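# Tertiary structure, described
Read off the chains here:
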Amino acid sequence: MRIAIVSDIHSNLHALDAVLQDADNRSVDLYHCLGDIVGYGAFPKECCDLIQEICDETVFGNHEHAVLYPKHSMSFNPDAKKAIDYTIEQLSESTIDWFHSLEPHLVLDDFTIAHGSLRNFDEYVSDATIARLSLEILQTDLLFVGHTHYPEGYQYDLDTKSARAMDLISEGEAVLEDGLRYLINVGSVGQPRDGDTRAAYGVYDTETSKIEIIRIKYNLKAAADAIIKAGLPPHLSKRLYAGR
Ligand code: ZN
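Owing to the predicted nature of the structure, the values given are computational and were not obtained by experimental measurement.

### Considering the overall build of the protein chain
On a plain count of helices and strands, the protein chain comes out with 8 helices and 12 strands. Overall size of the protein chain, expressed as C-alpha extent along the three principal axes, is 55 × 40 × 30 Å. With 244 residues in all, the protein chain has 57% of them scored as buried. Considering only intrachain contacts with a sequence separation of at least 6, the fraction spanning at least 24 residues in the protein chain is 73%. On the protein chain, roughly 10600 Å² of surface is accessible, and the fraction owed to carbon and sulfur atoms is 47%. Of note, the protein chain has its 21 positive side-chain charges centred 9 Å away from the centre of its 39 negative side-chain charges.

### Description of the sheet that holds strand β11 (residues 199-205)
Read from one edge to the other, the open sheet built from 6 strands follows the order β3-β2-β1-β11-β12-β9, with strand pairing classed as mixed. Edge positions in the sheet fall to β3 (57-58) and β9 (172-175), since each of these pairs with one other strand and no more. Relative to β3, strand β2 (residues 30-33) runs parallel, the two being bridged by 2 bridges. Considered in β3, the bridge of H32 is made with E57.

### So, the coordination of the zinc ion
In this structure, D8 (OD), H10 (NE2), D36 (OD) and H149 (NE2) serve as the protein donors to the zinc ion, at separations of 1.9 to 2.4 Å. In primary-sequence terms, the residues that donate to the zinc ion follow D-x1-H-x25-D-x112-H. Residue H10 is located in the loop between β1 (2-6) and α1 (13-25), and its partner D36 is located in the loop between β2 and α2 (44-54); the two are separated by 26 residues in the primary sequence. Note on accessibility: H10 and D36 belong to one class, buried.

### Remarks on the nonpolar core
Core analysis: the biggest nonpolar cluster contains 51 residues, and V6, I51, F99, V189 and Y201 have the highest contact counts within it. A total of 7 residues in this core trace back to one element, the largest contributor, which is α1. Formed by 20 residues, the second largest nonpolar core is a distinct cluster that contains L34, L108, V186 and I211.

### Brief notes about the pattern of salt bridges
Counted by the stated rule, this structure contains 11 salt bridges. A salt bridge links E212 to R26; the shortest N-O distance between them is 3.7 Å. Of this pair, E212 sits in strand β12 (residues 210-216) while R26 is found in the loop between α1 and β2, placing the two residues 186 residues apart along the sequence. In this structure, the salt-bridge partner of K210 is E173, at a minimum N-O distance of 3.5 Å. With K210 in strand β12 and E173 in strand β9, this residue pair connects regions lying 37 residues apart in the sequence. Salt bridges sharing partners connect three or more residues here, namely D194, D196, R198 and R215.

What counts and what doesn't
Residues numbered from 1 in each chain as written. Predicted model: local features only at pLDDT ≥ 70, side-chain atom pairs only at ≥ 80, totals over all residues. Heavy atoms only, no water. Helix = DSSP H or I, 4+ residues; strand = E, 2+ residues; numbered from the N terminus. Buried < 20%, exposed > 50% of the residue type's maximum accessible area, 1.4 Å probe, protein only. Contact = heavy atoms within 4.5 Å. Areas by Shrake-Rupley, 256 points an atom, 1.4 Å probe, with all protein chains shown as cover. Lys, Arg positive; Asp, Glu negative; His and termini not counted. Charge placed at Lys NZ, Arg CZ, Asp CG, Glu CD. Pairing = 2+ DSSP bridges. Donors = N, O, S within 2.8 Å, 3.2 Å for Na, K, Ca; no water. Core = buried A, V, L, I, M, F, W, Y, C linked by side-chain atoms within 4.5 Å. Salt bridge = Lys/Arg side-chain N within 4 Å of Asp/Glu carboxyl O.

Structure representation (structure tokens):
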């Protein structure tokens, strides 16, 4: 089975459309979402509707959490906060109810999905030391996360109890080996921060144990213009062009 993993869409409908089209061309069987569907971009409602329609399983991210509990979003910068206010205006009650029903992480058949880390939906896994904290409590051999907007991977050796960064991958593939645990960050669909402006997502082939990180060009200008038109902070439009 081929499973597409999408994360950090951030209301970027143009990027999401391009990713879903690409995944469809690759005959993906199933879609899962790692959260942060909303925030930053102009199309929260449209993105939530699409994710709800297409994804089999979804976990919530810190931006969904901020929509539900705006007073808890103290760590958000002023631009991100403004986008949360805009998002709350745009979303229907049924979408808010859906957010309430989402879990911070889910153990699926032979892998686990989470937004930030297994320990905390708002934890940034940005090095092997932090990755290890999730990998040592993982109940499956594979964990998918998002949140940092950097596609990358870490592997954990059960014998030595040590974790290290993989040579993976801002765009590329890795075949998972038996006897190791893996944490794979699939990057961000709607606001990449690794200097590459293209949308990122992952495809996991359960038969070959292969994970591919795919980068897709999309109509970035249309997404950036829509942010301005919606009255959102111009910086949120500009950063799409920088991929930061
Ligand atoms: Zn995010």
